[in-house]
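Okay, here's what each chain looks like letter by letter:
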Amino acid sequence: MGLFGKFFSPSWWNGATFGTALFSNRHGREVGRDDAGNVYLQHKDDARRRWVIYAGANDGSRVPPGWQAWLKGTIDELPEKELPPRRPFEQPPLANQTGTFAAYKPGGSLGGQGVRPAATGDYQAWKPE
């Protein structure tokens, strides 16, 4: 989007706005980045103030669990230092898939595969009297 887009478009849903970038440069210090490219910052004077600048769409589900714990103050150290390493059977975190083609669609739903099972007959429709 570039600098022009930061000034003249509502860019709050796609990365940081100009005001957020200015505040982050003046008062924040970068403490880390995750695999998705999100940048995590901490206030220079008050270490309890923490925030993230998303790489792409602003969606809280795109923050990995370790960084989410750091942002909320559950852990004080960075996730790489305080949390144990990921186990081999653990899958990497995924962003919320609702509204995308990758969203879960149960069998029998309009978007899912398969056929909806027939009603069992024990349902009685309500009729006003």
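All of these numbers come straight from a predicted model, not from anything done at the bench.

## A closer look at the sheet that holds strand E3 (residues 50–53)
Within the open sheet, the three strands sit side by side as E1-E2-E3. Their pairing is antiparallel. Here the strands that pair on one side only, and so sit at the sheet edges, are strand E1 (28–33) and E3. Ignoring strand direction, the axes of neighbouring strands in this sheet form an average angle of 30 degrees. Relative to strand E2 (residues 39–43), E1 runs antiparallel, the two being bridged by five bridges. Paired with Arg33 across the strands is Val39, a residue of E2. Across the face of the sheet, helix H2 (residues 18–27) comes into contact with E1, E2 and E3 while running at roughly 100 degrees to E1.

## Looking at the environment of Gly32
Mapped onto the secondary structure, Gly32 falls in strand E1. Since its relative accessible area comes to 13%, Gly32 is described here as buried. Put simply, Gly32 and Glu80 are 48 residues apart on the chain and 9.7 Å apart in space, counted from C-alpha to C-alpha. Apart from the residues lying within four places of it in its own chain, the contact partners of Gly32 are Asn38, Val39, Tyr40 and Trp67.

## Describing the packing of aromatic side chains
For the structure on display, the rule yields three aromatic pairs. Measuring from ring centre to ring centre gives 5.5 Å for Phe23 and Trp51, while their planes differ by 50 degrees; the resulting arrangement is tilted. Taken together, the residues span a long stretch of sequence, with Phe23 in helix H2 and Trp51 in strand E3 at a distance of 28 residues. Taking the relative accessible area as the measure of exposure, Phe23 reaches 30% and is therefore partly exposed. Aromatic side chains Tyr40 and Trp67 sit 4.1 Å apart centroid to centroid with 5 degrees between the ring planes, which places their arrangement in the stacked category. Of the two residues, Tyr40 sits in strand E2 while Trp67 sits in helix H3 (residues 65–71), which places them 27 residues apart along the sequence. Across the pair, exposure class does not vary: Tyr40 and Trp67 are buried alike. Joined through ring pairs, the aromatic side chains of Tyr40, Trp67 and Trp70 make up one cluster.

Criteria and thresholds
- Throughout, residues of each chain are indexed from 1 in the direction in which the sequence is written.
- Reporting in this predicted model follows two pLDDT cut-offs: at least 70 for local features of residues, and 80 or more for side-chain atom pairs to be given and counted; totals over whole chains, interfaces and linings ignore these cut-offs and use all residues.
- For side-chain calculations, the full set of non-hydrogen atoms in the structure is used, while hydrogens and water are omitted.
- Pairs of strands are assigned from DSSP output, requiring at least two bridges between the strands.
- Put simply, DSSP marks the helices as runs of H or I at least four residues long and the strands as runs of E at least two long, and each gets a number from the N terminus on.
- Axis definition: a line fit to C-alpha positions, over the contact stretch in the case of helices; interaxial angles, taken between N-to-C directions, run 0 to 180 degrees.
- Any two residues whose heavy atoms approach within 4.5 Å at even a single point are treated as in contact.
- Classification of residues uses two cut-offs on accessible area relative to the type maximum, computed with a 1.4 Å probe and protein chains only: under 20% is buried, over 50% is exposed, and between them is partly exposed.
- Only rings of Phe, Tyr and Trp enter the pairing, Trp through its six-membered ring, and a pair is recorded when the two centres are within 6.5 Å. The plane angle decides the type: under 30 degrees is stacked, over 60 is edge-to-face, the rest tilted.

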